[in-house]
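Tertiary structure, described
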Amino acid sequence: MRILTKWLRSFLPALAVDDAQLAEDLTLRGIAVEGIYDLGPGNGSLYEMDITTNRVDAMNHYGVAREAAAIYGVPLQPLDVALPEAQKAKAPFSVRIEAEDACGRFTARVLRGISIGDSRDWFPGAEVATYFNLLEQKFISNAVDATNFAWLAMGQPTHAFDLDKIEGGIVVRRARKGERLKTLDGMDRVLDPNDLVVADHAKALALAGVMGGWDSMITPETKNVLVEAAWFDPMAVRQTARRHGLHTDASHRFERGADFNAAPVASALVSRILLANGGTIEGELVDARIAALEQRTASRRPVALALGEVQRILGQTVDEEGITAAIVENVLTALGCGLASQQAGQPTGEDAEWLVALPSWRLDLEREIDLIEEVARVYGYNRFANTLPAYGAGVTALPWADHEAAVRGTLLAAGFHEAISSTFCSAAEAAGTAPQPAQVVPLGNPLSEEAGVLRPSLVAGMLGMIAGNLHRDVSDARLFELGTVFSGTTEKVVERPAVSFGAVGALPEQGALHPGRAIEFHDVKGVVEQVLARVQAAAAYFDHFSPEAGITPAWLHPYRSARVVVEGITVGWFGQLHPREAAARKIKEPVLVGELYLDRLYKLPLRRPAAREISRFQPVRRDFSLVLDRGIPWEAIDRALAELQLPELVEWRVREVFRDARLGEREYSLLLGATFQAPDRTLREEELQEYQARVAAAVGKAGARLRTQAQTQSQSALY
Amino acid sequence: MTNEAIPNLTAFDEAALDHAFAALEQQAAADAATLDSPEAIEAFRLRWLGRKQGRLNEVSARWLKAAPPEAKKALGQRFNAFKAIVEGLLEQAAGSGPSDAALAAEAIDITLPGTRRLTGAEHPITRTMNEIVQVFAALGYSVGVGPEVESDYYNFESMNFPPGHPARDTQDTLVVAGQERRPQRDRLLLRTHTSPVQMRTMEQQPPPVRIVIPGKVHRNDAADATHSPIFHQVEGLCVDTNITFSDLKGTLDHAMKALFGSSVKTRFFPSFFPFTEPSADVQISCIFCGGKGCRKCKQSGWIELLGCGMVDPAVFAFAQEKQPAYDPKRISGFAFGMGVERIAMMKYGVSEIGQFFAGDMRFLGQFV
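Remember, predicted model here, so these are calculated numbers, not experimental data.

A count of helices and strands for chain B gives 12 helices and 9 strands. For 368 residues, the compact-globule formula gives about 21 Å, and the C-alpha radius of gyration of chain B, at 42 Å, lies well above that figure. By its C-alpha atoms, chain B is 125 × 45 × 45 Å across when sized along the principal axes. Taken across its 368 residues, chain B has 41% of its residues classed as buried.

Set out below in structure tokens:
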């Protein structure tokens, strides 16, 4: 919306500040001036305004002038709407409001002998040509320009009908089923029975409060005019406008609440401008009103306001005096409120209370708090002090905050960047990644087909991001995402926290001297183990299933993937991306991807670090070169050693796994490193011999055989 | 290597002793200068300090024995001093390790780049959100969260957006399918702001309340450089007896200084939100130009950063349905909210909001 300061000042003869200061002061009071443009000597400035939807009353020149008057405490000039004497009518013009719920007031004024022509500056207060030129407002005819002038001046929509096209009189009613109306935009519209129309005794003339009708519009031949100024219900206008896909100046205002009392004033202003080019008024203003709607708007009950409440809500001001009764009275009076003191004795004391009559143009004011806001606003927000509330209760973190930080911290330390992807995915992606495909929740108005459902898993988003990096020629990618996954029905949606991770490329990521190697399953398994190590779990293990079992998710390579199980519950899956899925995303490199269901991990307590005594006595490492059948996994050896429960066997690990041509296809070699140490003594040779024998026996029982000493030595030369 | 035998001494006066020991020192120093391997060092030790054939042993045997009693003291002092010198030479040689030539053979090109392991970077949105949360934690605010899929009641109605209210138009909403037949208040949607957690929190606990609510929100907005259908907010809510508008001002002024530096100024001006009254928008003095005016602040010297206001009594009335203590005549409160992406874009100089959600390693790696 645009405002001319020249026009504003015509309402504020005592205003002393310049246009820049005025703009600043208005902005700081919520009547935001977004831009100021100098219009040249004598023309003032043009303000580009941005006014919030609740302040529809200030979206016009008089409304802004009223704000300025309140800010500076200067008088606001009343609108001059004196009209010449009317000629007697044979009978008053007929106006009937049928839709009593939707039309609160309808005024009609008959003008005869009008000359349709061009606009000019008609009289002081009606500088149509000057203001329209400065605003670059389109000229149409003196009649239409007059209604636009009233709109720009005071924000009240009016309409001028060609009186000779009206049959009988005006009826404000709901449209009839199948009724048609050609509106001013040239559209032929079929009306809905809920549409509110201004009609005559035969047909619909206009969409009430939205747009006039083509057949009754002003033309150069028009001689007699009916000036309409009315008050329509916000909801009725909003629904009519929406049904027809229309948003007009008039509908904008009525939807947000027009001034019940503005109709006669606006009608007079329009009429006076029209009459300035000749013609006469016939009869008195016809003013049909619905009492119930008038009660709800212009004649609302006064609101009680207490100074104590103003101070309780607003607090301290920079000025030590604070908000006083005098400030409250001055501000509200300037805004058009009527204040009646509720005290006999001291009307301006600390316990001042008022009954406040609300102005008809401020439908946003309904409650005491609305009045308190007005006091704060006009007084100036920045004149309030900066204070701090007294300290409240203790601070509590979310119950899973530490768990989330542990998961995030572990993945960051493992070299994964944190990412955030879309909350949505396609139905096809959901079907391929959902743990429960029957529980995918679709959206009613998705952004696109690719974002048609709430993500049931973070895997689709992760694969999209990994593929994105590869397609941008970023060959090393390590990402994780902590996010919400969704399941359930359209009636009840369940949200769970999850973490996904994806990796592709070489290790180390950046080295000049050593060739990198492709990241593989066990690199990612290590990261998963590190994450699991952050919680206290009695039992955590990895397992896998044959493809026939149908348990492994479809996105994983059936032989290079694992399920993660903690205390008997599946907490996630990870492994190499299924080559079929990789091909579908044009990925050639092996991608490692996985997802952990954090709601399940978060139920376990975080592992608390605890120190153990570190032995001062010499540890002794012994290597065992084992030969194993291909069918025997490391897990079997590991378990056998654990079951030994030998306290002096403090650590064991795989030092190397290798194929040996001499062994053939069916067997492989594994070099086991075992460390023996006692907390209280140096181990004697005899003891070591015994422990070694026990280890050898245990792994032997698990199916391993020891290579001969000679073989072992030739092998150990490799390390 | 010195092979000269230890001469016999004939005179034991000061000058003769000085001369004799000076010669020995010279020999030892010359010997020590040639030591370039552990073996040579061991040979030096044996030659000079060996218990049986060491030259010092020989000096002691020949000179001390031959010396007249009156010269023995001076000779002994000189002997001990010399022994210390030899030991020093040995220590020096042993400590100096392999020769420079041996080390030169091991030279590397130190200008080659270092081998780097990836250091994971926290997402700039997480990082910014945590910074904001920590500022308020220091002011006594706990963290609150709520679901991303919300009911119409919590997202709109209880936040004082009545059905059919024009303010709903400003927040284009993504909805879950199949809601048309359900009662309006139960209809499920993607929350458009984190404000519903305000109501959820008040329903759960009586005042006082001090919470910050970080979270993901969604709107049915077309994506462009500064808009994304997915974004994050941090909201705050403070409810107690005697919470005032000036408390709101002081709290946010403090928070902005903590986030952007103590020289940052704030200013408040009226705005409109259905769930607060009075409502305000808060600007901070431009963090790029300090308020002088630059491109980033469109020459205004100010940047709009958050919305806030005193909790509307209508919102308390909804909370009172479950917690009668939220009587707007007895308690009061304020709420505020800010967009995390906007703050992160400003703090880190990000020009496209879409970069936050693309998972591009090159972008994310900058936040290590």
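Following the structure, the description resumes.
The next thing to look at is the interface of chain A and chain B. If you look at the interface, chain A gives 77 residues, while chain B gives 73 residues. Along the lines of polarity and charge, the residues of the side of chain A that touches chain B split into 38 nonpolar, 26 polar and 13 charged.

On domain assignment, one finds that chain A holds domain 1 (2-72), domain 2 (95-296), domain 3 (303-383), domain 4 (401-601) and domain 5 (620-718). Taking only C-alpha atoms, the centre of domain 2 of chain A and the centre of domain 3 of chain A are 37 Å apart.

So, about the domain arrangement of chain B. The domains assigned to chain B are domain 1 (14-104) and domain 2 (124-367). The straight-line distance from the C-alpha centre of domain 1 of chain B to that of domain 2 of chain B is 83 Å.

Within chain B, residue pLDDT values average 90, and 97% of them lie at 70 or more. In the predicted complex, the global pTM is 0.82; the interface-specific ipTM is 0.85.

What follows is about the nonpolar core. A:C103, A:V197, A:A208, A:V225, A:F232 and A:V375 are the most contacted members of the largest nonpolar core, which totals 253 residues. In terms of residues, this core owes the most to one element, helix α8 (residues 262-275) of chain A, which gives 9 residues. In this structure, B:A20, B:L24, B:L75 and B:V86 belong to the second largest nonpolar core, which totals 14 residues.

Residue and element names in this part refer to chain A. Reading across from one edge, β14-β16-β15 is the order of the 3 strands in this open sheet, with antiparallel pairing throughout. At either margin of the open sheet sits one strand with a lone partner, and together these are β14 (303-306) and β15 (338-341). Each adjacent strand pair in this sheet contributes to an overall mean axis angle of 30°, direction not counted. Pairing analysis gives 4 bridges linking β15 to strand β16 (residues 353-357), with the strands arranged antiparallel. Within β16, the position partnered with A340 by the bridge is L355.

Let us now look at the packing of helix α6 (residues 124-137) of chain B against helix α9 (residues 245-260) of chain B. Residues and elements named next belong to chain B. For the pair α6 and α9, interaxial distance at closest approach is 10 Å and the crossing angle is 135°. In terms of orientation, α6 lies oblique with respect to α9. At the point where α6 passes α9, the crossing takes the right-handed sense. Contacts between α6 and α9 involve E131, I132, V135 and F136 from the first element and A255, A258 and L259 from the second. When its residues are assigned to classes, the contact of α6 with α9 shows 6 nonpolar, no polar and 1 charged.

This next bit is on the pairing of strand β25 (residues 556-566) of chain A. Where strand β24 (residues 540-543) of chain A lies against β25(A), 4 bridges are found, and the strand directions are antiparallel. Bridge pairing links A:D543 to A:R563 in β25(A).

What follows covers the packing of helix α5 (residues 142-154) of chain A against α8(A). Residues and elements named next belong to chain A. Running from N to C, α5 and α8 point in directions that differ by 140°, and their axes come no closer than 9 Å. With respect to their mutual orientation, α5 and α8 come out oblique. Considering how the two elements wind past one another, α5 and α8 form a crossing that is right-handed. Judged by residue contacts, N142, A143, A146, T147, F149, A150, A153 and M154 of α5 engage A262, V265, A266, L269, V270, I273 and L274 from α8.

Let us now look at the sheet that holds strand β4 (residues 209-218) of chain B. Residues and elements named next belong to chain B. Strand order in the open sheet formed by 7 strands is β1-β4-β5-β9-β8-β7-β6, with mixed pairing between adjacent strands. Two strands lie at the open edges of the sheet, namely β1 (142-143) and β6 (266-273), each paired on one side alone. The sheet contact formed by strand β7 (residues 276-285) and strand β8 (residues 302-311) spans 8 bridges and is antiparallel. Within β8, the position partnered with S279 by the bridge is G309.

What follows covers the confidence of the model for chain A. Within chain A, residue pLDDT values average 92, and 97% of them lie at 70 or more. Low pLDDT (under 50) marks residues 709-719 of chain A, which in the prediction has 5 contacts with non-local residues, meaning those over four places away or in another chain.

With that out of the way, let us pick up helix α10 (residues 307-314) of chain A. Each α-helix winds once per 3.6 residues, and so residues spaced three or four apart point in a common direction. A:L307, A:V310, A:I313 and A:L314 are the residues of α10(A) that are buried. The buried residues of α10(A) occupy an angular sector of 130° when projected down its axis, which confines them to one face. On its buried face, α10(A) sits against β14, α11 (325-334) and α12 (368-379) of chain A together with α9, β8 and β9 (332-339) of chain B. One or two residues past the end of α10(A) sits A:G315, with phi positive at roughly 80°.

Topologically, B:C238 is positioned in strand β5 (residues 230-240). For B:C238, a count of 26 C-beta atoms within 10 Å translates into the label buried. Those residues in contact with B:C238, other than ones at most four positions away along the chain, are A:P389, B:V209, B:R210, B:I243, B:G333 and B:F334.

What counts and what doesn't
Residues numbered from 1 in each chain as written. Chains lettered and ligands numbered in written order. Predicted model: local features only at pLDDT ≥ 70, side-chain atom pairs only at ≥ 80, totals over all residues. Helix = DSSP H or I, 4+ residues; strand = E, 2+ residues; numbered from the N terminus. Rg over C-alpha atoms; globule rule 2.2 N^0.38 Å. Buried ≥ 20, exposed ≤ 12 C-beta atoms within 10 Å, placed from the backbone. Contact = placed C-beta atoms within 7 Å. Nonpolar A, V, L, I, M, F, W, Y, C, P; charged D, E, K, R; others polar. Domains from an automatic or database assignment. pLDDT = per-residue confidence, 0-100. Core = buried A, V, L, I, M, F, W, Y, C linked by C-beta atoms within 7 Å. Pairing = 2+ DSSP bridges. Axes fitted to C-alpha atoms, helices over the stretch in contact; angles between N-to-C directions. Parallel < 35°, antiparallel > 145°, perpendicular 65-115°, else oblique. Left-handed = near helix turned anticlockwise from the far one by under 90°. Arc of directions from axis to C-beta.

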